[in-house]
Amino acid sequence: MIALKKLRKLTLTAAASSERPLHLSAASGLVCLSSAMYVVADDELHLGVFSTKDDRPGKLVRLFDGVLPDAKAVRKRQKPDLEALTLLPAFPGFAHGALLAVGSGSRPNRRRGAVLGLDPVGRISGVPRSLDLSAVLVPLTDAFAEVNVEGAVVVNDELRLFQRGNKQHTENAIIRYPLAAAFDVLTGRRSDALRPMTIDSFDLGHVDGVPLCFTDATALPGGDMVFSAVAEDTDDAFNDGACVGAAIGIVGNDGRLRFVRRLDRPYKIEGIHAELDGNRLDLLAVTDADDPDVAAALHSATIAI
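Read on for a plain summary of the structure. Treat the numbers as computed from the prediction; the structure is a model and nothing was measured.

On to the sheet that holds strand 19 (residues 257–262). Pairing is antiparallel across the open sheet formed by 4 strands, whose spatial order is 16-17-18-19. The open sheet has two edge strands, strand 16 (213–219) and strand 19, and neither has a second partner. For this sheet, the mean angle separating the axes of adjacent strands, direction not counted, is 20°. Sheet topology places strand 18 (residues 243–251) next to strand 19; 5 bridges connect them, and they run antiparallel. Bridge pairing links I248 to R261 in strand 19.

The next subject is helix 3 (residues 179–186). Taken across its 8 residues, helix 3 has 6 buried, putting it largely inside the fold. Taken residue by residue, helix 3 has L179, A181, A182, F183, V185 and L186 as its buried positions. One or two residues past the end of helix 3 sits G188, with phi positive at roughly 80°.

Its place among the elements puts D224 in the loop between strand 16 and strand 17 (225–232). The exposure class assigned to D224 is buried, which follows from its relative accessible area of 19%. A distance of 2.9 Å separates a polar side-chain atom of D224 from the backbone nitrogen of N253. Within polar-contact distance, the side chain of D224 engages the side chain of R258 at 2.6 Å. The contacts of D224, once residues within four sequence positions are left out, are T218, A219, I250, V251, G252, N253 and R258.

What counts, and where the lines are drawn
- Residues numbered from 1 in each chain as written.
- Predicted model: local features only at pLDDT ≥ 70, side-chain atom pairs only at ≥ 80, totals over all residues.
- Heavy atoms only, no water.
- Pairing = 2+ DSSP bridges.
- Helix = DSSP H or I, 4+ residues; strand = E, 2+ residues; numbered from the N terminus.
- Axes fitted to C-alpha atoms, helices over the stretch in contact; angles between N-to-C directions.
- Buried < 20%, exposed > 50% of the residue type's maximum accessible area, 1.4 Å probe, protein only.
- Polar contact = N/O pair within 3.5 Å; in protein donor to acceptor, adjacent residues only side chain to side chain.
- Contact = heavy atoms within 4.5 Å.

Structural data, given as structure tokens:
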């Protein structure tokens, strides 16, 4: 089993409002660059930005206008549910690449996204652009009983989204798009439906009768994809449930599942970053506490592959 080491809590210098705690609680996507660690949280309108050099509190960068209610149930209904964050290479209007945040698509109000341009050293540059991702997410309702996008990666000339299953609809899938067509959606040159090239389904196993399901992914230089998965005891893409197990695995660039390895404890990992050093995989992961009063945490692990 894989043992995680807790590195820090995701504390903040300032909250989104005077009623919010000074931390992120629902970390759901992670991108690490040399200059900064970027985290989306599924119950915020902001991106969290943290140093990769120390554990000082991070800051928030606003992605969407407005204010979310503080009451948990109402906030859950209205939140954009940003579940995936990935690094994009350079494309028109973004000479040094960008971050792409993607909503889960599990409800009509969860089909938004945001693009944040980067400077040459990976710092956010310019004003974030809010996106309507309906052209990408609505067509997925033809393929899945419940759309629930939890991860996104760029591999070669493709954008790949990771669909998360649940106890009732157990299908996990990797959804592949031509990257050029995705860029057309992101830059507003295309508004018609963008349908996948392929959808590949995966069985990740079970923990105590609960299926392991994708929660995030990151790409390695050779095209292999490292993913996180949790076994959450829930029957749908909206309601939370007890996390009874978690795992990390790799899908090869050839689309084959290489392995799934359990964590020693049921951490609810929702964001993952990986770096390959020979046969060693160095991992960083952020957790979703499912409780606004509990800070999300950053963990690390090293595994041999």
